[in-house]
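Chains, contacts and geometry: an overview
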Amino acid sequence: MALDLVIKNADIQTASDRFTADIGVKDEVIVEIGRDLDAAGAKVIDATGMRVVPGGIDVHTHLDMPFMGALTADDFKTGTEGAAAGGTTCLVDFAIQAPGESLQTGVDNWHKKADGKSVIDYGFHLIITDLPESRVPEMDAIVEQGIPSFKLFMAYKGALMSEDDAIFRAMRQSAKNGGMVSLHCENGHTVELMVKEALENGNTSPEWHALTRPLACEAEATNRGIALAEMAGSPLYVVHLTAEEALDAVRRAKRKGLPVIAETCPQYLYLSHEDYQREGFEGAKFVMSPPLRPKGNERALWSGLNDGTISTVATDHCSFCFELRDGSKMGKVLGKDDFSKIPNGAPGIENRMQLMWDAVEKGKITPSKFVELTATNPAKIFGLYGKKGTIAIGFDADITIIDPSTKYTISAKTHHMNVDYNPYEGREVECTIKEVFMRGHHMVENGKLSSKLPKGQFIKRAKYGKTLDSKTLEPALV
Ligand SMILES: [Zn+2]
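Residues numbered from 1 in each chain as written. Predicted model: local features only at pLDDT ≥ 70, side-chain atom pairs only at ≥ 80, totals over all residues. Heavy atoms only, no water.

**What about the sheet that holds strand β12 (residues 180-184)?**
Strand order in the open sheet formed by eight strands is β6-β9-β10-β11-β12-β13-β14-β15, and the pairing between neighbours is parallel. Looking along the sheet, the strands with just one partner apiece sit at the ends: β6 (56-61) and β15 (312-313). Here helix α1 (residues 76-85) sits on the sheet and contacts β9 (88-96) and β10 (121-127); the angle it forms with β9, its principal contact strand, is near 145°. (Pairing = 2+ DSSP bridges. Helix = DSSP H or I, 4+ residues; strand = E, 2+ residues; numbered from the N terminus. Contact = heavy atoms within 4.5 Å. Axes fitted to C-alpha atoms, helices over the stretch in contact; angles between N-to-C directions.)

What follows is the structure in C-alpha coordinates.
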(Lines give C-alpha, C1' and ligand atoms only; values in the text may rest on other atoms or scores of the structure.)
Protein backbone atom coordinates (compact mmCIF):
# COMPACT_ATOMS: atom_id res chain seq x y z
CA MET A 1 0.00 0.00 0.00
CA ALA A 2 1.38 3.41 -0.96
CA LEU A 3 1.50 5.48 2.19
CA ASP A 4 0.96 9.27 2.43
CA LEU A 5 3.23 9.75 5.42
CA VAL A 6 5.84 7.67 7.20
CA ILE A 7 7.30 8.66 10.56
CA LYS A 8 10.58 6.74 10.68
CA ASN A 9 12.32 5.46 13.81
CA ALA A 10 9.58 6.65 16.09
CA ASP A 11 10.17 6.11 19.80
CA ILE A 12 6.45 5.61 20.41
CA GLN A 13 4.95 6.17 23.81
CA THR A 14 1.40 5.15 24.60
CA ALA A 15 -0.40 4.98 27.95
CA SER A 16 0.78 1.37 28.24
CA ASP A 17 3.84 0.77 26.05
CA ARG A 18 7.06 2.21 24.68
CA PHE A 19 8.54 0.78 21.49
CA THR A 20 10.42 1.88 18.39
CA ALA A 21 8.80 1.50 14.98
CA ASP A 22 7.83 3.33 11.81
CA ILE A 23 4.30 4.75 11.64
CA GLY A 24 2.53 4.60 8.27
CA VAL A 25 -0.36 6.96 7.52
CA LYS A 26 -2.84 6.73 4.67
CA ASP A 27 -5.98 8.85 4.20
CA GLU A 28 -5.61 10.55 7.58
CA VAL A 29 -5.48 7.28 9.53
CA ILE A 30 -2.65 5.17 10.97
CA VAL A 31 -2.61 2.06 8.79
CA GLU A 32 0.73 0.46 9.60
CA ILE A 33 3.10 0.32 12.54
CA GLY A 34 6.21 -1.74 11.95
CA ARG A 35 9.89 -1.96 11.08
CA ASP A 36 11.25 -0.59 7.80
CA LEU A 37 7.95 0.46 6.25
CA ASP A 38 8.04 1.14 2.53
CA ALA A 39 8.06 4.93 2.24
CA ALA A 40 8.17 5.19 -1.56
CA GLY A 41 6.18 8.25 -2.60
CA ALA A 42 5.37 9.20 0.98
CA LYS A 43 6.34 12.23 3.01
CA VAL A 44 9.03 11.02 5.43
CA ILE A 45 9.82 12.38 8.87
CA ASP A 46 12.78 10.95 10.75
CA ALA A 47 11.95 10.97 14.44
CA THR A 48 15.29 9.67 15.68
CA GLY A 49 16.05 11.08 19.13
CA MET A 50 12.48 12.33 19.64
CA ARG A 51 9.55 11.03 21.68
CA VAL A 52 6.38 10.29 19.73
CA VAL A 53 3.07 10.55 21.58
CA PRO A 54 -0.63 10.71 20.68
CA GLY A 55 -1.83 14.22 19.85
CA GLY A 56 -3.12 15.96 22.94
CA ILE A 57 -6.83 16.10 23.74
CA ASP A 58 -7.96 19.10 25.78
CA VAL A 59 -11.45 18.43 27.14
CA HIS A 60 -11.93 21.77 28.89
CA THR A 61 -11.77 24.92 26.78
CA HIS A 62 -13.83 28.08 26.41
CA LEU A 63 -13.38 29.61 22.98
CA ASP A 64 -15.33 32.61 21.70
CA MET A 65 -17.22 32.79 24.98
CA PRO A 66 -18.99 35.87 26.34
CA PHE A 67 -18.52 36.09 30.11
CA MET A 68 -18.76 38.76 32.82
CA GLY A 69 -19.13 41.61 30.33
CA ALA A 70 -16.15 40.50 28.24
CA LEU A 71 -15.55 38.11 25.37
CA THR A 72 -12.70 35.61 25.40
CA ALA A 73 -9.70 36.81 23.42
CA ASP A 74 -9.39 33.51 21.56
CA ASP A 75 -11.97 32.27 19.11
CA PHE A 76 -11.93 28.88 17.40
CA LYS A 77 -9.26 30.06 14.95
CA THR A 78 -6.64 31.51 17.27
CA GLY A 79 -7.44 29.11 20.09
CA THR A 80 -6.99 26.01 17.97
CA GLU A 81 -3.88 27.43 16.29
CA GLY A 82 -2.41 27.82 19.76
CA ALA A 83 -3.52 24.31 20.63
CA ALA A 84 -1.88 22.85 17.53
CA ALA A 85 1.36 24.75 18.11
CA GLY A 86 1.46 23.15 21.54
CA GLY A 87 0.79 19.59 20.36
CA THR A 88 -2.95 19.41 21.05
CA THR A 89 -4.92 18.04 18.10
CA CYS A 90 -8.44 17.72 19.48
CA LEU A 91 -10.51 19.64 21.99
CA VAL A 92 -13.92 19.56 23.57
CA ASP A 93 -15.27 23.08 24.06
CA PHE A 94 -18.18 24.23 26.19
CA ALA A 95 -21.27 25.35 24.29
CA ILE A 96 -23.63 27.39 26.45
CA GLN A 97 -27.39 27.39 26.83
CA ALA A 98 -28.30 30.93 27.86
CA PRO A 99 -31.13 31.26 30.40
CA GLY A 100 -34.52 30.98 28.73
CA GLU A 101 -33.03 29.42 25.62
CA SER A 102 -33.56 25.84 24.43
CA LEU A 103 -30.63 23.45 24.79
CA GLN A 104 -30.56 23.10 21.00
CA THR A 105 -30.08 26.85 20.51
CA GLY A 106 -26.95 26.72 22.67
CA VAL A 107 -25.54 23.90 20.57
CA ASP A 108 -26.48 25.56 17.27
CA ASN A 109 -24.73 28.77 18.32
CA TRP A 110 -21.53 26.90 19.07
CA HIS A 111 -21.54 25.09 15.73
CA LYS A 112 -21.64 28.51 14.07
CA LYS A 113 -18.65 29.68 16.10
CA ALA A 114 -16.48 26.64 15.34
CA ASP A 115 -17.45 25.56 11.84
CA GLY A 116 -14.82 26.57 9.30
CA LYS A 117 -12.68 28.26 11.93
CA SER A 118 -11.26 25.42 14.01
CA VAL A 119 -8.02 23.99 12.62
CA ILE A 120 -8.20 20.87 14.79
CA ASP A 121 -10.99 18.37 15.41
CA TYR A 122 -13.44 19.30 18.11
CA GLY A 123 -16.47 18.24 20.06
CA PHE A 124 -18.78 20.08 22.43
CA HIS A 125 -20.06 19.71 25.94
CA LEU A 126 -23.19 21.70 26.72
CA ILE A 127 -23.34 24.07 29.69
CA ILE A 128 -26.87 24.05 31.07
CA THR A 129 -27.92 27.21 32.89
CA ASP A 130 -31.70 26.84 32.93
CA LEU A 131 -33.29 23.43 33.44
CA PRO A 132 -36.90 23.41 34.57
CA GLU A 133 -38.56 19.98 34.59
CA SER A 134 -40.17 20.74 31.22
CA ARG A 135 -36.79 21.10 29.52
CA VAL A 136 -35.22 17.90 30.84
CA PRO A 137 -36.24 15.69 27.88
CA GLU A 138 -34.32 18.05 25.54
CA MET A 139 -31.13 16.53 26.94
CA ASP A 140 -31.78 13.25 25.10
CA ALA A 141 -31.64 14.87 21.66
CA ILE A 142 -28.34 16.56 22.54
CA VAL A 143 -26.79 13.23 23.55
CA GLU A 144 -27.95 11.71 20.26
CA GLN A 145 -26.13 14.49 18.37
CA GLY A 146 -22.82 13.26 19.75
CA ILE A 147 -22.75 15.66 22.67
CA PRO A 148 -23.07 13.26 25.60
CA SER A 149 -21.71 15.54 28.33
CA PHE A 150 -23.28 18.44 30.18
CA LYS A 151 -21.83 20.90 32.62
CA LEU A 152 -23.58 22.65 35.44
CA PHE A 153 -22.19 25.28 37.78
CA MET A 154 -22.52 25.27 41.55
CA ALA A 155 -20.86 28.71 41.48
CA TYR A 156 -21.47 32.07 39.73
CA LYS A 157 -24.74 32.85 41.49
CA GLY A 158 -27.07 34.95 39.41
CA ALA A 159 -25.25 34.02 36.19
CA LEU A 160 -24.35 30.41 35.41
CA MET A 161 -25.22 28.80 38.75
CA SER A 162 -27.72 25.95 39.04
CA GLU A 163 -29.45 24.94 42.24
CA ASP A 164 -29.27 21.37 43.49
CA ASP A 165 -32.68 20.43 42.08
CA ALA A 166 -31.64 21.33 38.53
CA ILE A 167 -28.34 19.49 38.95
CA PHE A 168 -30.17 16.44 40.27
CA ARG A 169 -32.61 16.52 37.32
CA ALA A 170 -29.73 16.65 34.85
CA MET A 171 -27.95 13.77 36.58
CA ARG A 172 -31.01 11.54 36.62
CA GLN A 173 -31.64 12.14 32.93
CA SER A 174 -27.97 11.43 32.12
CA ALA A 175 -28.20 8.15 33.98
CA LYS A 176 -30.95 7.19 31.50
CA ASN A 177 -29.70 8.62 28.21
CA GLY A 178 -26.00 7.74 28.21
CA GLY A 179 -24.79 11.21 29.06
CA MET A 180 -22.60 12.45 31.86
CA VAL A 181 -22.83 15.54 34.03
CA SER A 182 -19.74 17.49 34.94
CA LEU A 183 -19.76 20.01 37.74
CA HIS A 184 -17.94 23.20 38.60
CA CYS A 185 -17.71 22.63 42.34
CA GLU A 186 -17.68 25.79 44.44
CA ASN A 187 -20.45 26.97 46.75
CA GLY A 188 -21.87 30.00 44.93
CA HIS A 189 -23.91 31.13 47.93
CA THR A 190 -20.95 31.51 50.28
CA VAL A 191 -18.86 33.12 47.55
CA GLU A 192 -21.54 35.76 47.01
CA LEU A 193 -21.69 36.56 50.72
CA MET A 194 -17.96 36.71 51.22
CA VAL A 195 -17.42 38.86 48.12
CA LYS A 196 -20.05 41.33 49.28
CA GLU A 197 -18.44 41.61 52.72
CA ALA A 198 -14.94 42.01 51.28
CA LEU A 199 -16.04 44.87 49.05
CA GLU A 200 -17.94 46.55 51.89
CA ASN A 201 -14.70 46.49 53.86
CA GLY A 202 -12.85 48.16 51.01
CA ASN A 203 -10.96 45.04 49.91
CA THR A 204 -10.94 45.38 46.14
CA SER A 205 -7.60 43.91 44.98
CA PRO A 206 -7.28 40.70 42.89
CA GLU A 207 -6.01 38.70 45.88
CA TRP A 208 -9.48 38.95 47.42
CA HIS A 209 -10.81 36.83 44.60
CA ALA A 210 -8.96 33.92 46.19
CA LEU A 211 -9.64 34.91 49.78
CA THR A 212 -13.40 34.80 49.16
CA ARG A 213 -13.22 31.29 47.64
CA PRO A 214 -11.35 29.21 50.24
CA LEU A 215 -10.46 25.52 49.90
CA ALA A 216 -13.50 24.47 51.95
CA CYS A 217 -15.79 26.26 49.48
CA GLU A 218 -14.66 23.80 46.80
CA ALA A 219 -14.57 20.81 49.14
CA GLU A 220 -18.16 21.37 50.29
CA ALA A 221 -19.46 21.57 46.73
CA THR A 222 -17.45 18.55 45.61
CA ASN A 223 -18.85 16.44 48.44
CA ARG A 224 -22.37 17.66 47.65
CA GLY A 225 -21.95 16.97 43.93
CA ILE A 226 -20.76 13.43 44.61
CA ALA A 227 -23.72 12.80 46.92
CA LEU A 228 -26.16 14.11 44.31
CA ALA A 229 -24.65 11.83 41.66
CA GLU A 230 -24.80 8.87 44.01
CA MET A 231 -28.50 9.52 44.61
CA ALA A 232 -29.13 9.95 40.90
CA GLY A 233 -27.16 6.80 40.00
CA SER A 234 -25.16 8.74 37.43
CA PRO A 235 -21.49 9.19 36.60
CA LEU A 236 -19.91 12.49 37.62
CA TYR A 237 -16.96 14.36 36.16
CA VAL A 238 -15.47 16.98 38.48
CA VAL A 239 -13.85 19.71 36.40
CA HIS A 240 -10.71 21.57 37.51
CA LEU A 241 -10.28 20.00 40.92
CA THR A 242 -7.79 21.97 42.98
CA ALA A 243 -8.27 21.40 46.71
CA GLU A 244 -6.76 18.51 48.67
CA GLU A 245 -10.04 18.15 50.61
CA ALA A 246 -11.96 17.83 47.34
CA LEU A 247 -9.46 15.24 46.17
CA ASP A 248 -10.12 13.24 49.31
CA ALA A 249 -13.83 13.32 48.52
CA VAL A 250 -13.17 11.86 45.06
CA ARG A 251 -10.88 9.23 46.59
CA ARG A 252 -13.63 8.17 49.02
CA ALA A 253 -16.17 7.99 46.19
CA LYS A 254 -13.88 5.80 44.08
CA ARG A 255 -13.31 3.53 47.06
CA LYS A 256 -17.09 3.10 47.26
CA GLY A 257 -17.07 2.12 43.59
CA LEU A 258 -18.87 5.26 42.40
CA PRO A 259 -18.15 6.42 38.84
CA VAL A 260 -16.63 9.75 39.91
CA ILE A 261 -13.88 11.13 37.69
CA ALA A 262 -11.67 14.14 38.38
CA GLU A 263 -9.74 16.59 36.24
CA THR A 264 -7.11 19.14 37.19
CA CYS A 265 -5.26 21.81 35.21
CA PRO A 266 -1.58 22.84 34.86
CA GLN A 267 -2.18 26.19 36.59
CA TYR A 268 -3.06 24.41 39.84
CA LEU A 269 0.12 22.32 39.55
CA TYR A 270 2.51 25.13 38.66
CA LEU A 271 1.12 28.43 39.97
CA SER A 272 0.02 29.43 43.46
CA HIS A 273 -1.73 32.01 45.63
CA GLU A 274 1.51 34.01 45.67
CA ASP A 275 0.77 35.05 42.10
CA TYR A 276 -2.13 37.14 43.41
CA GLN A 277 0.33 39.15 45.47
CA ARG A 278 2.24 40.44 42.46
CA GLU A 279 2.58 44.20 42.20
CA GLY A 280 -0.26 46.48 41.13
CA PHE A 281 -3.04 44.83 39.19
CA GLU A 282 -0.80 41.96 37.93
CA GLY A 283 -2.66 39.47 40.13
CA ALA A 284 -5.69 39.86 37.85
CA LYS A 285 -3.90 37.71 35.28
CA PHE A 286 -4.42 34.76 37.61
CA VAL A 287 -8.05 35.41 38.53
CA MET A 288 -9.86 32.18 37.70
CA SER A 289 -12.24 29.90 39.55
CA PRO A 290 -11.43 27.95 41.58
CA PRO A 291 -8.53 30.26 42.44
CA LEU A 292 -4.86 29.31 42.63
CA ARG A 293 -4.13 27.64 45.96
CA PRO A 294 -1.52 28.21 48.69
CA LYS A 295 1.92 26.76 47.94
CA GLY A 296 2.10 23.13 49.02
CA ASN A 297 -1.44 22.23 47.95
CA GLU A 298 -0.05 21.16 44.57
CA ARG A 299 1.77 18.23 46.18
CA ALA A 300 -1.60 16.59 46.85
CA LEU A 301 -2.56 17.08 43.20
CA TRP A 302 0.62 15.46 41.89
CA SER A 303 -0.03 12.43 44.10
CA GLY A 304 -3.65 12.42 42.94
CA LEU A 305 -2.40 12.21 39.36
CA ASN A 306 -0.01 9.42 40.17
CA ASP A 307 -2.38 7.30 42.25
CA GLY A 308 -5.17 7.56 39.67
CA THR A 309 -7.58 9.70 41.70
CA ILE A 310 -7.27 12.43 39.06
CA SER A 311 -7.77 11.05 35.55
CA THR A 312 -7.18 14.00 33.24
CA VAL A 313 -5.24 17.24 32.85
CA ALA A 314 -7.15 19.82 30.81
CA THR A 315 -6.58 23.57 30.62
CA ASP A 316 -9.85 25.43 31.30
CA HIS A 317 -8.44 27.75 28.63
CA CYS A 318 -10.50 30.92 28.98
CA SER A 319 -8.39 33.84 27.81
CA PHE A 320 -9.11 37.47 28.54
CA CYS A 321 -6.71 40.22 27.56
CA PHE A 322 -4.94 42.06 30.37
CA GLU A 323 -4.61 45.44 28.67
CA LEU A 324 -7.57 46.81 26.79
CA ARG A 325 -6.56 46.12 23.24
CA ASP A 326 -9.83 45.62 21.47
CA GLY A 327 -12.82 47.52 22.77
CA SER A 328 -15.24 44.87 21.67
CA LYS A 329 -13.58 42.12 23.67
CA MET A 330 -12.81 43.85 26.98
CA GLY A 331 -10.77 42.05 29.56
CA LYS A 332 -9.23 41.95 33.02
CA VAL A 333 -9.30 45.76 33.26
CA LEU A 334 -13.04 45.58 33.95
CA GLY A 335 -12.14 44.73 37.54
CA LYS A 336 -9.53 47.42 38.14
CA ASP A 337 -11.40 48.78 41.17
CA ASP A 338 -13.39 45.70 42.09
CA PHE A 339 -11.94 42.16 41.99
CA SER A 340 -15.41 40.67 41.54
CA LYS A 341 -15.65 42.28 38.11
CA ILE A 342 -12.41 40.74 36.76
CA PRO A 343 -13.40 38.25 34.05
CA ASN A 344 -12.52 34.81 35.44
CA GLY A 345 -10.16 32.74 33.36
CA ALA A 346 -6.67 32.40 31.93
CA PRO A 347 -5.02 31.09 28.77
CA GLY A 348 -3.26 27.71 28.67
CA ILE A 349 -4.34 25.69 25.63
CA GLU A 350 -0.90 26.06 23.99
CA ASN A 351 1.22 25.17 27.01
CA ARG A 352 -0.38 22.07 28.56
CA MET A 353 1.63 19.45 26.69
CA GLN A 354 4.96 21.24 27.26
CA LEU A 355 4.28 21.76 30.95
CA MET A 356 3.24 18.14 31.48
CA TRP A 357 6.18 16.73 29.51
CA ASP A 358 8.43 18.96 31.59
CA ALA A 359 7.01 17.05 34.57
CA VAL A 360 8.17 13.83 32.87
CA GLU A 361 11.67 15.22 32.45
CA LYS A 362 11.69 16.26 36.11
CA GLY A 363 10.54 12.83 37.27
CA LYS A 364 7.15 13.95 38.60
CA ILE A 365 5.15 11.63 36.32
CA THR A 366 6.11 8.78 34.00
CA PRO A 367 5.88 9.08 30.20
CA SER A 368 2.97 6.63 30.12
CA LYS A 369 1.16 8.69 32.77
CA PHE A 370 1.71 11.76 30.57
CA VAL A 371 -0.07 10.06 27.67
CA GLU A 372 -2.82 8.75 29.92
CA LEU A 373 -3.57 12.22 31.34
CA THR A 374 -3.27 14.27 28.17
CA ALA A 375 -4.82 11.97 25.56
CA THR A 376 -5.91 8.43 26.40
CA ASN A 377 -8.09 9.06 29.45
CA PRO A 378 -9.73 12.17 27.97
CA ALA A 379 -10.57 10.10 24.87
CA LYS A 380 -11.97 7.19 26.87
CA ILE A 381 -14.00 9.32 29.28
CA PHE A 382 -15.49 11.53 26.59
CA GLY A 383 -16.31 8.99 23.89
CA LEU A 384 -13.47 9.73 21.46
CA TYR A 385 -11.62 6.45 21.92
CA GLY A 386 -11.52 4.19 18.90
CA LYS A 387 -10.63 7.21 16.77
CA LYS A 388 -8.49 9.36 19.04
CA GLY A 389 -6.40 8.95 22.18
CA THR A 390 -3.61 6.55 21.25
CA ILE A 391 -1.20 5.55 18.50
CA ALA A 392 -2.66 2.38 17.00
CA ILE A 393 -3.74 1.04 13.65
CA GLY A 394 -7.16 2.40 12.71
CA PHE A 395 -6.85 5.51 14.85
CA ASP A 396 -6.64 9.03 13.40
CA ALA A 397 -3.07 10.06 12.65
CA ASP A 398 -3.01 12.60 15.48
CA ILE A 399 0.64 12.54 16.46
CA THR A 400 2.85 14.89 18.44
CA ILE A 401 6.62 14.62 18.27
CA ILE A 402 8.46 16.01 21.27
CA ASP A 403 12.14 16.93 21.33
CA PRO A 404 13.29 16.31 24.90
CA SER A 405 16.85 17.45 24.20
CA THR A 406 16.01 21.13 23.76
CA LYS A 407 14.54 23.72 26.10
CA TYR A 408 11.76 26.21 25.46
CA THR A 409 10.88 29.42 27.26
CA ILE A 410 7.17 30.20 27.44
CA SER A 411 6.31 33.79 26.54
CA ALA A 412 3.41 35.88 25.26
CA LYS A 413 5.90 37.31 22.73
CA THR A 414 6.09 33.99 20.91
CA HIS A 415 2.86 32.17 21.70
CA HIS A 416 0.12 31.82 19.09
CA MET A 417 -2.87 32.48 21.32
CA ASN A 418 -4.57 35.83 20.78
CA VAL A 419 -4.00 37.06 24.30
CA ASP A 420 -1.55 39.67 25.52
CA TYR A 421 -0.04 37.77 28.44
CA ASN A 422 0.94 34.26 29.43
CA PRO A 423 0.57 33.11 33.05
CA TYR A 424 3.77 31.05 32.65
CA GLU A 425 5.78 33.98 31.21
CA GLY A 426 9.51 33.25 31.41
CA ARG A 427 9.15 29.64 32.57
CA GLU A 428 11.58 27.27 30.90
CA VAL A 429 10.39 23.77 30.03
CA GLU A 430 12.67 20.88 29.14
CA CYS A 431 11.22 20.06 25.74
CA THR A 432 9.97 21.55 22.51
CA ILE A 433 6.99 20.53 20.41
CA LYS A 434 8.82 19.62 17.24
CA GLU A 435 6.24 18.16 14.83
CA VAL A 436 2.47 17.89 15.04
CA PHE A 437 0.12 15.95 12.79
CA MET A 438 -3.69 16.10 12.91
CA ARG A 439 -5.27 13.34 10.81
CA GLY A 440 -1.93 13.20 9.03
CA HIS A 441 -1.92 16.92 8.18
CA HIS A 442 1.40 18.47 9.08
CA MET A 443 0.54 21.31 11.47
CA VAL A 444 3.85 22.00 13.19
CA GLU A 445 7.00 21.60 11.12
CA ASN A 446 10.35 21.68 12.86
CA GLY A 447 8.86 23.67 15.73
CA LYS A 448 6.98 26.17 13.55
CA LEU A 449 3.23 26.37 13.02
CA SER A 450 2.53 25.63 9.36
CA SER A 451 1.05 28.37 7.20
CA LYS A 452 -1.23 25.79 5.56
CA LEU A 453 -3.54 24.47 8.26
CA PRO A 454 -6.30 21.91 7.81
CA LYS A 455 -9.98 22.27 8.66
CA GLY A 456 -11.05 20.71 11.92
CA GLN A 457 -14.11 18.49 11.97
CA PHE A 458 -16.88 18.24 14.54
CA ILE A 459 -16.64 14.83 16.19
CA LYS A 460 -19.83 13.13 17.23
CA ARG A 461 -18.73 11.49 20.45
CA ALA A 462 -19.89 8.14 21.81
CA LYS A 463 -22.06 7.88 24.88
CA TYR A 464 -20.51 7.52 28.32
CA GLY A 465 -18.53 4.30 28.62
CA LYS A 466 -18.57 3.58 24.87
CA THR A 467 -16.00 3.92 22.10
CA LEU A 468 -16.37 5.34 18.61
CA ASP A 469 -15.15 2.10 17.10
CA SER A 470 -16.85 -1.08 18.19
CA LYS A 471 -13.63 -3.00 17.45
CA THR A 472 -11.72 -1.44 20.32
CA LEU A 473 -12.30 -2.58 23.85
CA GLU A 474 -14.91 -0.81 25.90
CA PRO A 475 -13.08 1.75 28.01
CA ALA A 476 -12.88 0.81 31.65
CA LEU A 477 -13.72 3.41 34.25
CA VAL A 478 -10.68 5.63 34.59
ZN1 LIG B 1 -14.16 26.16 32.60
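Once you've had a look at it, read on.
**Here we look at the state of the cysteines**
Summed over the entire model, instances satisfying the criterion amount to zero disulfides. With no disulfide of its own, Cys431 has Cys265 as its nearest cysteine by sulfur position, at a separation of 19 Å. What makes Cys431 buried here is its relative accessible area of 0%. (Disulfide = S-S within 2.5 Å. Buried < 20%, exposed > 50% of the residue type's maximum accessible area, 1.4 Å probe, protein only.)

**Quick notes on the nonpolar core**
One finds Leu126, Met171, Leu183, Leu241, Met356 and Phe370 to be the most contacted residues of the largest nonpolar core, which totals 115 residues. Not counting residues up to four positions away in its chain, the partners in contact with Leu241 are Glu218, Ala246, Leu247, Val250, Ala262, Glu263, Thr264, Leu301 and Ile310. Judged by nonpolar contacts, the second largest core, of 17 residues, contains Leu5, Met50, Ile399 and Ile401. (Core = buried A, V, L, I, M, F, W, Y, C linked by side-chain atoms within 4.5 Å.)

**Side note on the side chain of Ser118**
The residue Ser118 is located in the loop between α2 (103-114) and β10 in this model. Note on Ser118: relative accessible area 1%, which makes it buried. The residues touching Ser118, leaving out its near neighbours within four places in the chain, are Phe76, Thr80, Pro454, Lys455 and Gly456.

**A word on the packing of helix α4 (residues 164-177) against helix α7 (residues 215-232)**
One way to put it is that α4 packs onto α7 with a least axis distance of 9 Å and a crossing angle of 45°. As far as their axial angle goes, α7 and α4 are oblique. The handedness of the crossing between α4 and α7 comes out as right-handed. Taken together, the residues of α7 that come into contact with α4 (itself represented by Asp164, Ile167, Phe168, Met171, Arg172 and Ala175) are Arg224, Gly225, Leu228, Ala229, Met231 and Ala232. Of the residues contributing to the contact of α4 with α7, the split by class is eight nonpolar, one polar and three charged. (Parallel < 35°, antiparallel > 145°, perpendicular 65-115°, else oblique. Left-handed = near helix turned anticlockwise from the far one by under 90°. Nonpolar A, V, L, I, M, F, W, Y, C, P; charged D, E, K, R; others polar.)

**A word on the coordination of the zinc ion**
Ligation of the zinc ion by protein atoms is provided by His60 (NE2), His62 (NE2) and Asp316 (OD), these donors lying 2.1 to 2.2 Å from the ion. Linear spacing of the donor residues for the zinc ion on their chain is H-x1-H-x253-D. For the pair His60 and His62, a shared accessibility class is recorded, and that class is buried. (Donors = N, O, S within 2.8 Å, 3.2 Å for Na, K, Ca; no water.)

**Re helix α10 (residues 297-306)**
Inspection of α10 places Asn297, Ala300, Leu301, Trp302, Gly304 and Leu305 among the buried residues, and these make up the whole buried set. Once α10 finishes, Gly308 follows within two positions and takes phi at roughly 85°, a positive value.

**Some thoughts on the environment of Asp22**
Residue position: Asp22 is located in strand β2 (residues 18-26). According to the relative accessible area criterion, Asp22 is buried, its value standing at 5%. Ignoring anything within four residues of it in the chain, the contact list for Asp22 reads Val6, Ile7, Lys8, Asn9, Glu32, Ile33, Gly34, Arg35, Asp36 and Leu37. At a separation of 3.0 Å, a polar atom in the side chain of Asp22 contacts the side chain of Lys8. (Polar contact = N/O pair within 3.5 Å; in protein donor to acceptor, adjacent residues only side chain to side chain.)

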